[in-house]
Amino acid sequence: MMLVDNTIDGDSRVQKSARAMAEAGWEVHLIGRAPSSGSDSYQIGDAHIHRLPLRRLPPRKTLRRRLSRLRYPLAYQNQDKAMLKTRSIKVIWAELEMTKAAPAARTGISSEPRTKQLPMLAQRTAGKLRRTTIKVRAQQTKARAGSWGDKDGAWEEVERRFWSTAMGDRAWRRLDPLPLRYELSYRDKIEELQPDLIHAHDFRMIGVAARAAVRARQSGRDVKVVYDAHEFVPGLAQANRSRKWLASQVAYEREHIGFADAIVTVSPALAEMLETAHGLAERPVVTLNAPPKLVPDAAGDGEAWTTPEGARDVREACGLGPDVPLAVYCGGAAPQRCLHTIVESLQHVPDVHAAFMINNLDGDYVNSLRALAAELGVTDRVHFMPYVPYDVLVRFLSTADVGIHPLRKGPVNHEVALSTKFFEFMQARLPVVVSDVKAMADEVTRVGNGEVFRSEDSKDLARAVGMILNDRDRYTATYDRPGMLDEWSWEAQAEKYVVLYERLLKDLG
């Protein structure tokens, strides 16, 4: 069984892992979070996919939230109640206006109304007082809700220190109990399927897997746990998260990592960091985020898969001829990915087009890229398109001229990353341009298949792209070395999973 805390869509490592282990002969069930459309099940190859809704728990009141009651004593219990009260006073005021105007406006055959009412002055005075009170309380309710937020201030630091001191690694239960929702949501399916091995993808699943294994062992079943560490959790400090949130994630991983029977991760540098940080008895197995090899089909006419517009490759999707220089990026669209640097670089390389295969075509950041392209006058050379399935992506990319990965320098996880797109560009036999983040820059320099540029320097990126376009064959020649692309393929990486599974499950026969 494999566990992941996302909807599986777009997570090529998880998809590839499930398919590969099923092809190797295991019965594989992959559990992920259901999308907004609801729970569902399907298959990836022979692997069974189960997407389950994330169940709700009563929210824990943070220290800031509790103290906000003192700061906003007149606030309603929630904004829904404030809204209803605001609407009700509008109805009452409309009634008062009707009562005031009715006697003069009556033109019907009936005589004066028979209902008895308080004097109008008293009604309007009471109505004004009530309207003012509700307005003040509604304002305080809105201000109180706005004061909660995802803060990282003094009260959060007090809360972090108190619970960390009082509970140690168990403090995550108070600081960020989200993992408990995943356990609650996945638990019944895990119990139903009774796995022999649980493969936890990323840090949020290690606790879910560990707890399931403990329950199984208490009932007499020996369940093995593999922890697939996709990131260095302490390095998430620079991911726009609060110190309280980070302390929770670090404590959560640290409490449960000791239950893992084996650990795998995505790069040699990260394996070394995990070994040191957790005092591991052995270094984690490294399974690179490499794609499947590009193998020409027997008919020689390309993949059957096409874009919704009918394009079979990125150049065709952009409507470009074979002689137009084309750079590509594939992956998430977020400011830390620095896609704006690619757009900015186009003003320095007048003939180059840039294609982006990204996860969100209408987010704020992508819209800012469109605005930037219009401002620089390069809109006609920027092409946005949705994700392409991982198993055809390499072929889709292969008609471009260069792959760019402009990751921001500085964050720990950026410096140790050997990302999926890095290997996808290689399997597509594209020269690679990367920012000067350590692991990828070192690898490009060692292999000689690309150039390195200064992070977020659009002119230097344009320089690097220009160097490759002027002598592209020199950079692609490295892919002709015997065995090089075999090593950087998912087929080679998946074999490491096979060896690990067989070792852990050898007693099962």
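Residues numbered from 1 in each chain as written. Predicted model: local features only at pLDDT ≥ 70, side-chain atom pairs only at ≥ 80, totals over all residues. Heavy atoms only, no water.

Per an unreviewed UniProt entry, the protein chain goes by D-inositol 3-phosphate glycosyltransferase and derives from Streptomyces badius.

Enquirer: Explain helix α10 (residues 268-278) to me, please; I cannot follow it from the model alone.
Expert: Side chains that are three or four residues apart share a direction in an α-helix, a result of its 3.6 residues per turn. Inspection of α10 places L270, A271 and L274 among the buried residues, and these make up the whole buried set. Projection of α10 onto a plane perpendicular to its axis shows the buried side chains occupying an angular sector of 105 degrees, all on one side. Of the surrounding elements, those touching the buried residues of α10 are β6 (224-229), α9 (243-256), β7 (262-265) and β8 (285-286). At the exit of α10 stands G279, carrying a positive phi of roughly 60 degrees. (Buried < 20%, exposed > 50% of the residue type's maximum accessible area, 1.4 Å probe, protein only. Helix = DSSP H or I, 4+ residues; strand = E, 2+ residues; numbered from the N terminus. Arc of directions from axis to C-beta. Contact = heavy atoms within 4.5 Å.)

Enquirer: It is not clear to me how the packing of aromatic side chains should be interpreted in this structure. Could you clarify?
Expert: In this description, an aromatic ring pair is defined by two values, namely the gap between the centres and the angle between the planes. Taken as a whole and assessed by the stated rule, the structure comprises 10 aromatic pairs. Residues F422 and F423 carry aromatic rings whose centres are separated by 5.3 Å and whose planes lie at 80 degrees to one another, so their mutual orientation is edge-to-face. Looking at F422, the relative accessible area reads 0%, which means it is buried. For F423, a relative accessible area of 2% translates into the label buried. Between Y497 and Y501, the aromatic rings sit 6.4 Å apart at their centres with planes inclined by 45 degrees, giving tilted as the arrangement. (Phe/Tyr/Trp six-rings, centres within 6.5 Å; stacked < 30°, edge-to-face > 60°.)

Enquirer: Mind showing me how you'd approach the packing of helix α5 (residues 154-167) against α9 here?
Expert: Think of two packed helices as two axes; the pair is described by the angle between the axes and how far apart they sit. Where α5 contacts α9, the two axes come as close as 9 Å, and the packing angle between them is 20 degrees. By the angle between their axes, α5 is roughly parallel relative to α9. Of α9, the residues touching α5 (which contributes E156, E157, E159 and R160) are R243, K244 and A247. Its residues placed into classes, the contact of α5 with α9 shows 1 nonpolar, no polar and 6 charged. (Axes fitted to C-alpha atoms, helices over the stretch in contact; angles between N-to-C directions. Parallel < 35°, antiparallel > 145°, perpendicular 65-115°, else oblique. Nonpolar A, V, L, I, M, F, W, Y, C, P; charged D, E, K, R; others polar.)

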